[in-house]
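So the chains spell out like this:
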Amino acid sequence: MGEFLSLREAVARYVEDGQTLALEGFTHLIPFAAGHEIIRQQRRDLTLVRMTPDLVYDQLIGAGCARKLIFGWGGNPGVGSLHRMRDAVENQFPRPLEVEEHSHAGLAERWRAGAAGLPFGVLRGYVGTSLADHTKTIASISCPFTGEELTAVPAINPDVGIIHAQQADRDGNVMYWGITGVQKECVLASCHSIVTVEEVVDELAVRTGGVVLPAWAVDAVAVVPGGAHPSYAHDYSDRDNDFYAAWDPIGRSRDAFAEWLAGVVEGES
Amino acid sequence: MGEFLSLREAVARYVEDGQTLALEGFTHLIPFAAGHEIIRQQRRDLTLVRMTPDLVYDQLIGAGCARKLIFGWGGNPGVGSLHRMRDAVENQFPRPLEVEEHSHAGLAERWRAGAAGLPFGVLRGYVGTSLADHTKTIASISCPFTGEELTAVPAINPDVGIIHAQQADRDGNVMYWGITGVQKECVLASCHSIVTVEEVVDELAVRTGGVVLPAWAVDAVAVVPGGAHPSYAHDYSDRDNDFYAAWDPIGRSRDAFAEWLAGVVEGES
Amino acid sequence: MSRGNDNGQWTSDEMMTVAAARELGDEAVCFVGIGLPSTAANVARRMHAPNAVLIYESGCIGSRPDHLPASIGDGVLSESAVANVGVVEIFSYWLQAGRIDVGFLGAAQIDRFANINTTVIGPYDAPSVRLPGAGGAPEIAANCGEVIITLRHSRRAFVEELDFVTSLGHGTGNGCREQLGLRGQGPSAVISDLGVLRPDPATKELKLTSVHPGVSVDDVRDATGWDLQVADNYEVTPAPTFEELTVLRKLKAVS
Amino acid sequence: MSRGNDNGQWTSDEMMTVAAARELGDEAVCFVGIGLPSTAANVARRMHAPNAVLIYESGCIGSRPDHLPASIGDGVLSESAVANVGVVEIFSYWLQAGRIDVGFLGAAQIDRFANINTTVIGPYDAPSVRLPGAGGAPEIAANCGEVIITLRHSRRAFVEELDFVTSLGHGTGNGCREQLGLRGQGPSAVISDLGVLRPDPATKELKLTSVHPGVSVDDVRDATGWDLQVADNYEVTPAPTFEELTVLRKLKAVS
């Protein structure tokens, strides 16, 4: 019910080993601080869902938190590869990583179905590609009216969905704007949800295209200014493109990553 | 491409006898002026789609424009029956009216499927009701992953979709806010679309929850201030509840309706 | 027909509205139809349920109207809402997903298992009365945690058999909803201008559990089109309090 | 490897970008991937296609960025857009519904029928290289009216056989897309740093239709992993104009 908690409390209360977890945010509003808190609390055997794993999942995978990744595009946008993810897939380091691979359109439909309380979604997708040969969660379905064949994908319903937003009001209602991604679906499809926010305000902003989540649809709200860095919060911060570039050599080297990880684990939540 | 036309030109160019037509707007922003123009241009044999027929369809049905109605709730909100619609269904006056009846949730899903370019949509609906016994466009569908039975409904894709909005900018981009209904779906699901607007502005308003339709997704824009009366345009006018009440005796009597109709036909577009 | 109490301090419609309002728990998330359901929900919000969340199918989430709307699409519902979403979203992400605790429905007719007809009287293809139809009700009845139904008592409204099942209540009785895979528990109360009926836990057939002040059990039986069961320990509904009436009348006055 | 023209006035990457930009018609509605596609689309918008509509899968419709975004989710795309919608909507209501004329894609590998691999090199379960994966590409390739692909020429990129088909081009050749029920026409051009390849209308196999200035047909054949067909009337791509280079470099400079 939009309860204000510290990030540490929120993660401690809702995130458990073995769960299916989603930290969403499409380039914008990626909940990095929450990811780091999960690393600090040493959660393990997580199934991580995200359309674009981005650095935040490279970090969680490199830290050994994940046993499975459900994703659509695993790169460092504008820079190159996610090397911790590749090391896990190619060399099983630091542990094997099972991969369930979809397209973005397919994952978006899986999120929609999850938020809508349906067991599956339908799209024009995957046809003629190799994805269906390797991903069990892609099936064929016939239109009962026209007989046309389409593609079905199962709903995603994580145990915990985590997003970052610009604002919460004092009642715990949450608002974000700019590129809004699949965050509404992530929160609504998940059994529990945590939202980190830039700040608490008396009145939510007025923004065309802004999304408001009522307090009762969110479990915990944690005030974490800058909680999306090196991603950004529209009207609050800019994307730290330099950090994304600087991540490449860190992620590329197991040693450099271990050093980065030690810094996070020692950090304050 | 968001071409500015007079309402008369827009209806003359896009609306033809025998088409499937939708005038949408959920209590708010109902395109009454466009409905009256269709009456004036004496279009016939239309299949009319609308979640809530409201007075605008009572008028089109009473004027003899419709041969079929696809709908979810056909009443005068807060007042009572739509008597022209009842006269058509119960007494085939002024002509028989075929009825295809759904729930609002089912129609919303049909609109979504139509806008999404899918032949059908899926919902948890209709189970245990008599609707499926009388409406052919309700079918059962199995989840390919869980085996669960759900309900499928076919997409709606009208020839022309018509809505009313608060604003267009000079490029023909359209914006509306307040209760936004299924208007986006109506415009995107239709082959052609006409939008009547309260006014043309230099810059579209900034409103949380506002919907913007880019000019290239709309065919014609017609400036018709008050074009939603007796429905309303949020921040421009109030709902004329008195007119809704006053409609009851007009719609109830064939003669009173004929008199009202004569006034509309003589009116200017 | 509007019964009042002995000294005319309130009408039977007011009793019905107040009794319906009392059903709504604080913090309940409630899908509200227009008319009496909306009135009752707004009375409840001003009385014992200040944190109840009112959701209208027009896409308004958390509306706090300062007067009663004439329709489910009035501007006041949108303006006073915490969030406004489209109609596709309200039905799929909010109602269908099982996020709503209580659905508040009106009805033209119900049967002993609280199934609802708002579609036709008589044969579907040649109806004697064409009613408005389904609207949001079938999926509200299917997907809300529980459903509260309000309608005035008469033999034409409380009928032995429905000509059309628009919205499923308890179907053919206990276990029926589960068998059909419906998630919500179905109707938990039917509130009329004469009393309150609740489903028997064992059979799901409606039983008279309370009569409004000044109404006898026979009055209710006479106005019911089937052989109405009466709970052994049926009660008399507490009369509307002064505060309830004040809130209700103030709401009505400014609408 | 970056080839330039004789006197170093432009690089082969610039030639590739400019050639890609020229493919975009004015008023085209274009779904843009990040990197070279985004650069090319933004050059086109400043040159011959001022009314082109740029759509990014992050939900930005009609973006008019004043500098090149580093990702498909940069703030400038949202701020300069006519409309911002969610990712579910951009894929379903806009891409899937067939509203997009042109899809602009990059690729790690393609084959002779312009099928695309961006997933793995080597066996799927034990890849020698794990590439980023599908992202939006499979449905962009399926549902846009036509598709333009850009990638640098090499035998590792233009391969005889793909290890994985991430996004379908012309499948196994003429008629394949129609048989699979795909709505879009598929790839209409592959633009590399060496030349332009277009599908033969009869077979849908890619044919070299133009070589960039300073590039020979043998250069292109040497850098192609299959026996590349060459159009009888192949041309030399017009070199980047002064204006094209000015626009491109100005865009790059501020990003």
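Provided above is the structure to which this section pertains.
As the structure is a prediction and not an experimental result, all values here were calculated from the model.

Basis of the calculations
- Residues numbered from 1 in each chain as written.
- Chains lettered and ligands numbered in written order.
- Predicted model: local features only at pLDDT ≥ 70, side-chain atom pairs only at ≥ 80, totals over all residues.
- Heavy atoms only, no water.
- Helix = DSSP H or I, 4+ residues; strand = E, 2+ residues; numbered from the N terminus.
- Rg over C-alpha atoms; globule rule 2.2 N^0.38 Å.
- Buried < 20%, exposed > 50% of the residue type's maximum accessible area, 1.4 Å probe, protein only.
- Contact = heavy atoms within 4.5 Å.
- Axes fitted to C-alpha atoms, helices over the stretch in contact; angles between N-to-C directions.
- Nonpolar A, V, L, I, M, F, W, Y, C, P; charged D, E, K, R; others polar.
- Buried area = accessible area lost by both parts, 1.4 Å probe.
- Salt bridge = Lys/Arg side-chain N within 4 Å of Asp/Glu carboxyl O.
- Polar contact = N/O pair within 3.5 Å; in protein donor to acceptor, adjacent residues only side chain to side chain.
- Phe/Tyr/Trp six-rings, centres within 6.5 Å; stacked < 30°, edge-to-face > 60°.

J.: Any details on the overall build of chain C? Residues and values, ideally.
T.: Counting its secondary structure elements, chain C contains eight helices and 14 strands. For 255 residues, the compact-globule estimate of 2.2 N^0.38 gives 18 Å, and chain C sits close to it at 17 Å. When the backbone C-alpha atoms are referred to their principal axes, chain C occupies close to 45 × 45 × 35 Å. When the 255 residues of chain C are sorted by exposure, 64% land in the buried category. Of the contacts made within chain C by residues no fewer than 6 positions apart, 64% connect residues no fewer than 24 positions apart.

J.: Just give me the short version of the packing of helix α8 (residues 241-252) of chain A against helix α9 (residues 254-266) of chain A, but keep the residues and values in it.
T.: Each pair of packed helices can be summarised by the angle the axes make with each other and by the distance between the axes. Residues and elements named next belong to chain A. Taken N-terminus to C-terminus, the directions of α8 and α9 make an angle of 115°; their axes are 5 Å apart at the nearest point. Contact residues: Phe 243, Trp 247, Pro 249, Ile 250 and Arg 252 in α8; Arg 254, Ala 256, Phe 257 and Trp 260 in α9. A breakdown of the residues in the contact of α8 with α9 according to their chemical character gives seven nonpolar, no polar and two charged.

J.: I'd like a description of unusual backbone geometry, backed by residues and values.
T.: The omega angle of the peptide bond from His229(A) to Pro230(A) is 10°, so this bond is cis rather than trans. Looking at where Pro230(A) falls in the secondary structure, it is placed in the loop between β15 (220-223) and α8. One non-glycine residue, Gln42(B), lies in the positive phi region at around 55°. Topologically, Gln42(B) is positioned in the loop between α2 (32-40) and β3 (46-50). At Ala114(C), a residue that is not glycine, the phi angle is positive and equals roughly 60°. Tracing the sequence through the fold places Ala114(C) in the loop between β6 (109-110) and β7 (116-117).

J.: Any chance you could break down the interface of chain D and chain A for me, citing the residues and the numbers?
T.: In this assembly, 40 residues from chain D lie in contact with 45 residues from chain A. Interface area lost by chain D to chain A is led by Val88(D), Arg130(D) and Pro132(D), which between them contribute 20%. On inspection of chain D and its partner chain A, the count reaches one salt bridge. Ionic pairing is found between Arg130(D) and Glu101(A), a salt bridge with its closest N-O pair at 2.4 Å. The tally of links from chain D across to chain A stands at 18 residue pairs in polar contact (both at pLDDT 80 or more). Of all the secondary-structure elements, those providing two or more residues to the side of chain D that touches chain A are α3 (75-79), α4 (87-96), β9 (129-130) and α5 (137-143) of chain D. Ranked by residues supplied to the side of chain D that touches chain A, first place goes to α4(D) with four residues. In the side of chain D that touches chain A, the residues fall into 18 nonpolar, 16 polar and six charged.

J.: Let's hear about the environment of Ala245(B): which residues, and what values?
T.: Residues and elements named next belong to chain B. Assignment of secondary structure puts Ala 245 in helix α8 (residues 241-252). Using a relative accessible area of 41% as the deciding quantity, one classes Ala 245 as partly exposed. Here the alpha-carbon distance between Ala 245 and Asp 54, two residues 191 residues apart in the chain, equals 12 Å.

J.: Let's hear about the side chain of Lys68(B): which residues, and what values?
T.: All names here are of chain B. Looking at the secondary structure, you find Lys 68 in strand β4 (residues 66-71). A polar atom in the side chain of Lys 68 sits 2.9 Å from the side chain of Glu 100. Apart from the residues within four sequence positions on either side, Lys 68 is in contact with Leu 46, Thr 47, Leu 48, Leu 97, Glu 98 and Glu 100.

J.: Give me the environment of Val11(A): which residues, what numbers.
T.: Residues and elements named next belong to chain A. On the secondary structure map, Val 11 appears in helix α1 (residues 7-14). Here Val 11 falls in the buried class, since its relative accessible area comes to 0%. Once the C-alpha coordinates of Val 11 and Ile 38 are considered, the two residues, 27 residues apart in sequence, prove to be 6.8 Å apart.

J.: Lay out the packing of aromatic side chains with the relevant residues and their values.
T.: The geometry of an aromatic ring pair is captured by two quantities: the separation of the ring centres and the angle between the planes. Going through the model one piece at a time under the given rule, you end up with 18 aromatic pairs over all chains. With a centroid separation of 6.0 Å and 90° between ring planes, the pair formed by Trp247(B) and Phe257(B) is classed as edge-to-face. Taken together, the positions of Trp247(B) in helix α8 and Phe257(B) in helix α9 (residues 254-266) put the pair ten residues apart, joining distant regions of the chain. When its relative accessible area of 4% is taken as the criterion, Phe257(B) is described as buried. Note on Phe158(C) and Trp226(C): the rings are 6.1 Å apart at their centroids and 35° apart in plane angle, and the pair reads as tilted.

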